[in-house]
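Letter by letter, the chains look like this.
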Amino acid sequence: MGMVYQRVLLKLSGEALMGSLGYGIDPVVVGSIAQEVAKVVSEGIQIAIVVGGGNIFRGVKAASAGMDRATADYVGMIATVMNAITLQDALEQAGVPTRVQSAIAMQEVAEPYIRRRAIRHLEKKRVVIFGAGSGNPFFTTDTTAALRAAEIDAEVIFKATKVDGVYDSDPHINPNARRYKTLTYAHVLNQDLRVMDSTAIALCKENNIPIMVFDLSVSGNIYRAVMGESIGTIVGGVCEVS
């Protein structure tokens, strides 16, 4: 194991922040994530974060219940800023300088998203958390993660999830489900494996940004992934299946 990456993007789902709670934010979980990110930063690695908002509000679910889709997505974007500010507080309590950049103007609580400023923060060893998604409805935070990774020249996207990689079927339903170690973007798209949404996968493919999917619930996994340990599934490059 050795340091492989210099600048990375970590994608956290909103659900990851609520831990075992049914709703909201678990301070213990957020504190644990902050400690792991702090350890990564201490190794001299630049890290940006995109966080979802599903622990507070899910735009797609609200839209399916009759709410205007664009309005629902905007509410979801605001939820991601709440998560971003919470994570910022935990990181700064862990001694890590952190900036939140919002794609929707909220000057009292966050900087506006400015690409060059974000890169400068990273160069100064500050963690940058991107909130409010892309600032546009109809786009997921997965797509935002791919977009921001391309914009800041991140070498890889780490997608922290509730499973330890990508499987050929749902491991919660099929005990014989096979976990892949490596996959191509094309295989993920063709087999509809739902690693990230298709727009995000296409963006990563076009910009040659690999995606590592791993289990966030295992203590130390963020550090292991960033330091190059073979955990989870890597999308991009070779494919172990035809």
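Residues numbered from 1 in each chain as written. Predicted model: local features only at pLDDT ≥ 70, side-chain atom pairs only at ≥ 80, totals over all residues. Heavy atoms only, no water.

### What to know about the packing of aromatic side chains
How we decide: Two rings from Phe, Tyr or Trp (for Trp, the six-membered ring) form a pair when their centres are within 6.5 Å of each other. A pair whose planes differ by under 30 degrees is stacked, one over 60 is edge-to-face, and the rest are tilted. What counts as a helix is a DSSP run of H or I of at least four residues, what counts as a strand is a run of E of at least two, and both are numbered from the N terminus. Accessible area is worked out with a 1.4 Å probe on protein chains only. A residue is then buried under 20% of its type maximum, exposed over 50%, and partly exposed in between. A ring is considered to have a charge above it if a Lys NZ or an Arg CZ atom is located within 6 Å of its centre and within 35 degrees of its normal.
One pass over the full model with this rule turns up three aromatic pairs. Relative to F158, the ring of Y5 has its centre 5.5 Å away and its plane inclined at 80°; by these criteria the two rings are edge-to-face. Of this pair, Y5 sits in the segment before β1 (7–12) while F158 sits in strand β6 (residues 156–161), placing them 153 residues apart in sequence. Here the two residues Y5 and F158 agree in accessibility, since each one is buried. The interplanar angle of 75° and the centroid separation of 6.3 Å between the aromatic rings of F158 and F214 together place this pair among those described as edge-to-face. Note that F158 is positioned in strand β6 and F214 in strand β10 (residues 211–215), a separation of 56 residues in sequence. For the residue pair F158 and F214, the accessibility class agrees, reading buried in each case. An aromatic cluster of three or more residues is present, and its members are Y5, F158 and F214. The positively charged end of K39 is found above the aromatic ring belonging to Y223, 4.3 Å away from the centroid.

### Some details on the pattern of salt bridges
Rules: A pairing counts as a salt bridge when a side-chain nitrogen of Lys or Arg comes within 4 Å of a carboxyl oxygen of Asp or Glu.
One pass over the structure, following the stated rule, counts seven salt bridges. We note a salt bridge from R69 to D73, for which the minimum N-O separation is 2.9 Å. Of the two residues, R69 and D73 both sit in helix α3 (residues 69–93), four residues apart, roughly one turn of that helix. Judged by its relative accessible area of 28%, R69 is partly exposed. Residue D73 is classed as buried on the basis of its relative accessible area, which comes to 9%. Here K159 and D142 are joined by a salt bridge, their closest N and O atoms 3.1 Å apart. Separated by 17 residues along the polypeptide, K159 in strand β6 and D142 in helix α5 (residues 141–151) bring together distant segments of the chain. Assessed through its relative accessible area of 11%, K159 is described here as buried. The buried category is assigned to D142, whose relative accessible area is 12%. Linked through salt bridges whose partners overlap, the residues forming this network are K11, D142 and K159.

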